[in-house]
Amino acid sequence: MFFRRPLFGAAALDVAPAHRALAEGKVETAVTILEGATQRQWRRGSQAQIRLYLAATYALYGPDGLEWGAQKLREAAEADTEIVQNPLYRALYWEFAAYRGDPAGDIRKGALAAARSGDPFAVYHAASALFAVRAYRRATRLLGKLDPLTLPDYLHWRYWSLLGKSLDASDQLEGAVDAFERAVLLANAREKHRERLNLAATLLELHRPESALKVLRLTDTWGLEAAEQLLHTYLEGRSQLLLGNPNRALEQLQRASALEDDDGGPSFAYKLALAQCYGVLGRYPQAIAGYLQAIELAPKRQRTWTLHECALLLVEAERLPSARDLLHEALRSEGYAYRAELYADLAEVEYKLANLNEAAEHARRALDLGAVVSACLTLGSVAYEYYHLDEAVGWFEKAAAASREGETDWLHAQEMLADVFVQQGYRRPDRVVFHAEAALKYLHPNEEWALILRGYAESAREILGGHSRRFN
């Protein structure tokens, strides 16, 4: 039964069809049934409980159910003041308070108190209240202690959906995927497609675009609202981008961006994805414009990361002074997780701008913070420019040792080591051959560096008498 004190007689007969309608996803039908039930003459306790049930039904709309849900909660208390002691009443009170924008601290305290009753309905709605004020880990813990089989059918899939959203927001993405898969399995036909959108979005966060695309292709967009159709288009675009199909992605992301502009204005995620797509396609003016829009729209916790990514695009587009400005702006964020990389990227920019002292200074900061490979490459390049060739060898060797064979940074270190030993007058021809051959295994024969390295290796072998190293 829905309540701690169950309804009996005719009142229970009015609740049962509402319960069935909710299980079929027909929330409006359930509301109509329950609103009709409130017009009948019941004893005060039954009137209060029917209104409490109605308030809980309105709560299923989320923030859109605030006005009518809060009103039915007040009417329940007016019908029977004892109802305010019901755990469900207290959980709903704090859920509506969360939608109203009341202080988050009060809501956390009140929702947790309501959940301590152990009443499954109260626990579910308390978790909804906690989720609404971004207390995601607390919501996850509450739901983790709740057996979903103690809830009625219409809350089974909602339980898994709410758990999935809480886990996703807590960066527990594998758990979120499992929860959303259960929600898809249990949801009624009207809701399955919405839950598939949640599942696809989380799969994308896990960089599983093939799986996300399969889920999206099972989704019937005709049953979705306009905002959900827009989300479907955006997720399909992101999936194609991660799959390496930027032209297909661009078509979807442009469409999503246009629809979004017509439906209340741009958002961070959509503008960022479109900017990233333009960047992959090398359409730098559109990409930069998109990134600048995304920076303006970015939530506080994502702004620095977006500045950093835009700066890297500016480096790629050879707009180095602008890239330097954005990197300096990003460095003002003390808590940024990729601070070492910021210094390393700034060092590279200063090096390309021929500001060698600044490049070395930033590279040493990056090295101290743990960005070993990129910092050593820059320090080696600075030493090379000053013709401190023995020092350059040391830095490039450190970069090669700290990187994985075949990767871009490892290749660059091998190329530069071969070049430095050539600049030293082939004093170590065996080292020239060694590093040249190491890099050539991973270079296309027609690449510029491949041609240079083959020439270096041939000259070194002549010195070595046709061998790869000297014999004593």
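Residues numbered from 1 in each chain as written. Predicted model: local features only at pLDDT ≥ 70, side-chain atom pairs only at ≥ 80, totals over all residues. Heavy atoms only, no water.

**Comments concerning a positive patch on the surface**
Now for step 1: Together, Arg137, Arg138, Arg141 and Lys145 give the surface a local cluster of positive charge.
Now for step 2: Note on placement: Arg138 falls in helix H8 (residues 136-144). (Patch = residues over 30% accessible without salt bridge, like charges linked within 9 Å, V, L, I, M, F, W, Y side chains within 5 Å. Areas by Shrake-Rupley, 256 points an atom, 1.4 Å probe, with all protein chains shown as cover. Salt bridge = Lys/Arg side-chain N within 4 Å of Asp/Glu carboxyl O. Lys, Arg positive; Asp, Glu negative; His and termini not counted. Charge placed at Lys NZ, Arg CZ, Asp CG, Glu CD. Helix = DSSP H or I, 4+ residues; strand = E, 2+ residues; numbered from the N terminus.)

**Here's the deal with the packing of aromatic side chains**
Now for step 1: Enumeration over the complete set of coordinates arrives at 8 aromatic pairs.
Now for step 2: On the numbers, 6.4 Å between centres and 20 degrees between planes, the contact of Tyr58 with Trp68 is stacked. You can see Tyr58 sitting in helix H3 (residues 44-59) and its partner Trp68 sitting in helix H4 (residues 66-79), a full 10 residues away along the chain.
Now for step 3: When the centroid spacing of 5.0 Å and the interplanar angle of 90 degrees are considered together, the rings of Tyr93 and Trp94 count as edge-to-face.
Now for step 4: Residue Tyr93 is classed as partly exposed on the basis of its relative accessible area of 37%. (Phe/Tyr/Trp six-rings, centres within 6.5 Å; stacked < 30°, edge-to-face > 60°. Buried < 20%, exposed > 50% of the residue type's maximum accessible area, 1.4 Å probe, protein only.)

**Topic: the side chain of Thr233**
Now for step 1: Relative to the helices and strands, Thr233 resides in helix H13 (residues 226-242).
Now for step 2: A residue is classified by how much of its surface remains accessible, and Thr233, at 4% relative accessible area, is buried.
Now for step 3: Look past the residues within four positions of Thr233 in its chain and what remains in contact with it is Gln252, Arg255 and Ala256. (Contact = heavy atoms within 4.5 Å.)

**A short note on the packing of H4 against helix H5 (residues 87-100)**
Now for step 1: Look at H4 against H5: their axes get within 10 Å of each other, and the N-to-C directions meet at 145 degrees. H5 is crossed by H4, and the crossing has left-handed handedness. Residue-level contacts link Leu66, Gly69, Ala70, Leu73 and Ala77 of H4 to Tyr89, Leu92, Tyr93, Phe96, Tyr99 and Arg100 of H5.
Now for step 2: Residues belonging to the contact of H4 with H5 are distributed by class as follows: 9 nonpolar, 1 polar and 1 charged. (Axes fitted to C-alpha atoms, helices over the stretch in contact; angles between N-to-C directions. Left-handed = near helix turned anticlockwise from the far one by under 90°. Nonpolar A, V, L, I, M, F, W, Y, C, P; charged D, E, K, R; others polar.)

**Section: helix H12 (residues 209-217)**
Because an α-helix packs 3.6 residues into every turn, residues spaced three or four apart end up facing the same way.
Now for step 1: Along H12, the residues that are buried comprise Pro209, Ala212, Leu213, Val215 and Leu216. All buried residues of H12 project into a common sector of 160 degrees when viewed along the axis, lining one side. Facing away from the buried side of H12 by more than 90 degrees, the exposed set consists of Lys214 and Arg217. (Arc of directions from axis to C-beta.)

**A look at unusual backbone geometry**
Peptide bonds are trans in most cases, and residues, glycine excluded, mostly fall at negative phi.
Now for step 1: With a phi close to 65 degrees, Asp171 is a non-glycine residue in the positive phi region.
Now for step 2: Overall, the relative accessible area of 63% leaves Asp171 in the exposed class.
Now for step 3: Backbone geometry places Tyr426, a non-glycine residue, at a positive phi of 55 degrees.
Now for step 4: For Tyr426, the position within the fold is in the loop between helix H23 (408-423) and helix H24 (429-440).
Now for step 5: Under the relative-accessibility criterion, Tyr426 is labelled buried at 18%.

**Here we look at the packing of H13 against helix H14 (residues 246-262)**
Now for step 1: Viewed as axis vectors pointing N to C, H13 and H14 meet at an angle of 155 degrees, and their least axial separation amounts to 8 Å. Relative to H14, the element H13 is oriented roughly antiparallel. In the crossing of H13 with H14, the sense of the turn from one axis to the other is left-handed. Contacts between H13 and H14 involve Leu230, Thr233, Tyr234, Glu236, Gly237, Arg238, Gln240 and Leu241 from the first element and Pro246, Arg248, Ala249, Gln252, Leu253, Arg255, Ala256, Leu259 and Glu260 from the second.
Now for step 2: When grouped by side-chain class, the residues that make up the contact of H13 with H14 number 8 nonpolar, 4 polar and 5 charged. (Parallel < 35°, antiparallel > 145°, perpendicular 65-115°, else oblique.)

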